[in-house]
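Listed below are the residues making up each chain.
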Amino acid sequence: MPPRLAWIAFAWIAALVGLAAAMQGSGSSRPPRPFATNALARSISDAQPMAGRRWQWTATSATSAMRGMVVHVEAFDVKQARQIAAAIVEPRRAQFDDILVYVHHVGGSVGLAARRVEWTPRGGYEEITYEK
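To keep things clear, this report deals only with the structure shown in the data block.

About the thresholds
Residues numbered from 1 in each chain as written. Predicted model: local features only at pLDDT ≥ 70, side-chain atom pairs only at ≥ 80, totals over all residues. Heavy atoms only, no water. Core = buried A, V, L, I, M, F, W, Y, C linked by side-chain atoms within 4.5 Å. Buried < 20%, exposed > 50% of the residue type's maximum accessible area, 1.4 Å probe, protein only. Helix = DSSP H or I, 4+ residues; strand = E, 2+ residues; numbered from the N terminus. Arc of directions from axis to C-beta. Contact = heavy atoms within 4.5 Å. Phe/Tyr/Trp six-rings, centres within 6.5 Å; stacked < 30°, edge-to-face > 60°. Salt bridge = Lys/Arg side-chain N within 4 Å of Asp/Glu carboxyl O.

**Some remarks on the nonpolar core**
A general tendency of soluble globular proteins is for nonpolar side chains to be buried together.
Here is step 1 of the chain: Counting 24 residues, the largest nonpolar core has Ile-44, Val-71 and Ile-88 as its most contacted members.
Here is step 2 of the chain: Counting only elements with at least two residues in this core, the list comes to helix H2 (39-46), strand E1 (57-65), strand E2 (68-75), helix H3 (81-89), strand E3 (98-105) and strand E4 (115-120).
Here is step 3 of the chain: In terms of residue count, the dominant contributor to this core is H3 (five residues).

**A short note on unusual backbone geometry**
Here is step 1 of the chain: Phi is positive for Met-66, which is not a glycine, with a value near 50°.
Here is step 2 of the chain: Checked against the element boundaries, Met-66 lands in the loop between E1 and E2.
Here is step 3 of the chain: What makes Met-66 exposed here is its relative accessible area of 84%.
Here is step 4 of the chain: Its identity as a non-glycine residue notwithstanding, Arg-67 has a phi of 65°, on the positive side.
Here is step 5 of the chain: As for its placement among the helices and strands, Arg-67 is situated in the loop between E1 and E2.

**Observations regarding H3**
Here is step 1 of the chain: Three or more residues of H3 are buried, namely Ala-81, Ile-84, Ala-85, Ile-88 and Val-89. Viewed along the axis of H3, the buried residues span an arc of 130°, placing them on a single side of the element.
Here is step 2 of the chain: If you follow the buried residues of H3, they end up packed against H2, E1, E2, E3, E4 and strand E5 (124-129).

**Considerations on the packing of aromatic side chains**
What describes a pair of aromatic rings is the distance from one ring centre to the other and the angle between the planes of the rings.
Here is step 1 of the chain: Applying the stated criterion across every chain, the model contains one aromatic pair.
Here is step 2 of the chain: Measuring from ring centre to ring centre gives 4.7 Å for Trp-55 and Phe-76, while their planes differ by 50°; the resulting arrangement is tilted. Placement of Trp-55 in the loop between H2 and E1 and of Phe-76 in the loop between E2 and H3 is noted, with a sequence separation of 21 residues between them.
Here is step 3 of the chain: The class for Trp-55 is buried, based on a relative accessible area of 7%.

**Observations regarding the pattern of salt bridges**
Here is step 1 of the chain: Following the criterion strictly, the structure yields five salt bridges and no others.
Here is step 2 of the chain: One salt bridge connects Glu-127 with Arg-115, and the closest N-O pair in it is separated by 2.8 Å. Highlighted residues: Glu-127 in strand E5 and Arg-115 in strand E4, separated in sequence by 12 residues.
Here is step 3 of the chain: Overall, the relative accessible area of 15% leaves Arg-115 in the buried class.
Here is step 4 of the chain: Across the pair Arg-116 and Glu-118 runs a salt bridge, and its minimum N-O distance is 3.4 Å.
Here is step 5 of the chain: Look at Arg-116 and you get buried, because its relative accessible area is 16%.
Here is step 6 of the chain: By sharing partners, the salt bridges in this structure join Arg-82, Arg-115 and Glu-127 into a single network.

Below, the structure written as structure tokens:
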């Protein structure tokens, strides 16, 4: 193998090793962010304040009709349900009369939420815990 070809092969191998290392991440135990199923959920997730470069929660689906909205969220810490709901509700208060935020554990059951937070202009935030 000519020396120039050997250097090219070495450069490609080094690039592949670097790419594999980059894909492994920085040792973070967090899984990749779940996909949002629609544009409304993506817009909610994109507006989330990030803690450094890590995501804390993500909206996986959202539906709205007749001044009501339902949002399903996956979160690492479901105890933060009220804060997550506030981050979703506050920019949208004027548009809706009722917002339900169902907070699931990341990678948990799609059907069963750990907590639900309901917001209405009259009642404010009301949280229900479904798990013990």
